[in-house]
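Structure at a glance
The lines below spell out each chain.
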Amino acid sequence: MKTWLPLATYSIEGIPKDEYGARQLAATEPYTFQEWAVGRIGGQAKGRGPDKGIDGEIAFVTGPGKYGHAIVSVKGGKHIGPDAVRVLKSVVQREAADMGVLICLNDPTQDMRTEAATGGRISLPGGERARIQIITVKDLIAGPNLGILTELNTVRAAQEARVLQRKRPPGKTYASGNTGIPISSPSNFRWKVNQVPSLIVA
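This section reports on the structure supplied with the text. Note that this is a predicted model, so its numbers are computed, not measured.

Here's the deal with the overall build of the chain
Of the regular secondary structure elements, the chain holds 6 helices and 10 strands. In the chain, which comprises 202 residues, the share counted as buried stands at 36%. Of the contacts formed within the chain by residues at least 6 apart in sequence, a portion of 56% connects residues at least 24 apart. Summed over all atoms, the accessible surface of the chain reaches about 11,600 Å², with 51% contributed by carbon and sulfur.

See the structure below:
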C-alpha cells in the first residue's frame, strides 16, 4: 500500500495474514502482537503489567495423563541477541518449567542458537526436542511446530481418538500419529486406541 499510496494512513486490524502484517502489528500494537503470537503456538498470554519474564504459558501433553509446562517470551524488537535466550533459560529454571519458547521477529543469530542448545533436550511423545526453542514471525505465519500437543487442543485430540477407536480393531496399540499399522518395538511411545493420540498441533 505504501508503494501506491505513500501519503495514506491506515491501521492493521484482525489476525495477521502474512509476515508483513505481523511485523506491522508488532511495531504498532506490541501487546496485541504478543497475544496473537502466544496464541499461535497454543499458549495463554499474560496480561499487561510486570511479567517477570513470562509473556505466556503453555500446558502440553507429555504422555497419557501427564502434562508439561512451557514458558513463552515474546521479543518484538528488530535486534535481539543471546541475552534474551539466557534470560528465558533462567526463567524456565526459576519456574521449574519443562520448556521455554522465545518468539522473535527475525531469524536467530548463531550465538542465539548456540545458547539455546545449551538448554538441553526434552523427551516428548513425538520424539526429542530442544528444551529451549526459538520461533520467528515467519514460523508463526507458516504454522509453528514445537513438537507438542497443547492443552488447548486436547478436546479435539479426544474427538480424533474416538474416531480412531471406531476404525481400529480393539486391543491393539499403534505408533503415535500412525494411521493404522500396529507397532511391536517396546522402545516406541505407544498410545492405546482409547487414549488421546499424539497430534502435533503446535
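With respect to the pattern of salt bridges
In total, this model carries 7 salt bridges according to the counting rule given. Salt-bridge contacts for glutamate 115 lead to arginine 86; the nearest nitrogen and oxygen are separated by 3.2 Å. Residue glutamate 115 is located in helix 4 (residues 110–117), and its partner arginine 86 is located in helix 3 (residues 82–94); the two are separated by 29 residues in the primary sequence. Overall, glutamate 115 belongs to the buried group, its relative accessible area being 15%. Here arginine 86 falls in the partly exposed class, since its relative accessible area comes to 38%.

Notes on the nonpolar core
Judged by nonpolar contacts, the single largest core of 24 residues is most densely connected at Phe33, Ile41, Val72 and Ile103. Mapped by element, the contributors of at least two residues to this core are helix 1 (19–28), helix 2 (30–40), strand 2 (56–63), strand 3 (66–75), strand 4 (99–104), strand 5 (121–124) and helix 5 (137–142). Residue contributions to this core peak at 4 residues, all from helix 2. Among the nonpolar cores identified, the runner-up in size contains 14 residues, and Val85, Val92, Ala97 and Ile134 belong to it.

Looking at the packing of helix 1 against helix 2
One can describe the packing of helix 1 onto helix 2 by two numbers: an axis separation of 5 Å at closest approach and a directional angle of 130°. Taken together, the axes of helix 1 and helix 2 are oblique relative to one another. Between helix 1 and helix 2, the contacting residues are Ala22, Leu25, Ala26 and Thr28 on the first element and Pro30, Thr32, Phe33 and Trp36 on the second. Here the residues of the contact of helix 1 with helix 2 sort into 6 nonpolar, 2 polar and no charged.

A short note on helix 1
Every buried residue of helix 1 is accounted for by Gly21, Ala22, Leu25 and Ala26. Buried residues of helix 1 fall within an arc of 140° about the axis and therefore sit on the same side. Turned more than 90 degrees off the buried face of helix 1, the exposed positions are Ala27 and Thr28. Buried residues along helix 1 sit against helix 2 and helix 5.

Some details on the environment of proline 144
Positionally, proline 144 belongs in the loop between helix 5 and strand 8 (149–150). Taking the C-alpha atoms as reference, proline 144 lies 6.5 Å from isoleucine 41; in sequence the two are 103 residues apart.

A few points about unusual backbone geometry
At alanine 96, a residue that is not glycine, the phi angle is positive and equals roughly 55°. Turning to its location among the elements, alanine 96 is positioned in the loop between helix 3 and strand 4. Residue alanine 96 is classed as exposed on the basis of its relative accessible area, which comes to 65%.

About the criteria used
Residues numbered from 1 in each chain as written. Predicted model: local features only at pLDDT ≥ 70, side-chain atom pairs only at ≥ 80, totals over all residues. Heavy atoms only, no water. Helix = DSSP H or I, 4+ residues; strand = E, 2+ residues; numbered from the N terminus. Buried < 20%, exposed > 50% of the residue type's maximum accessible area, 1.4 Å probe, protein only. Contact = heavy atoms within 4.5 Å. Areas by Shrake-Rupley, 256 points an atom, 1.4 Å probe, with all protein chains shown as cover. Salt bridge = Lys/Arg side-chain N within 4 Å of Asp/Glu carboxyl O. Core = buried A, V, L, I, M, F, W, Y, C linked by side-chain atoms within 4.5 Å. Axes fitted to C-alpha atoms, helices over the stretch in contact; angles between N-to-C directions. Parallel < 35°, antiparallel > 145°, perpendicular 65-115°, else oblique. Nonpolar A, V, L, I, M, F, W, Y, C, P; charged D, E, K, R; others polar. Arc of directions from axis to C-beta.

Scope: geometric values only; no functional claims are made or implied.
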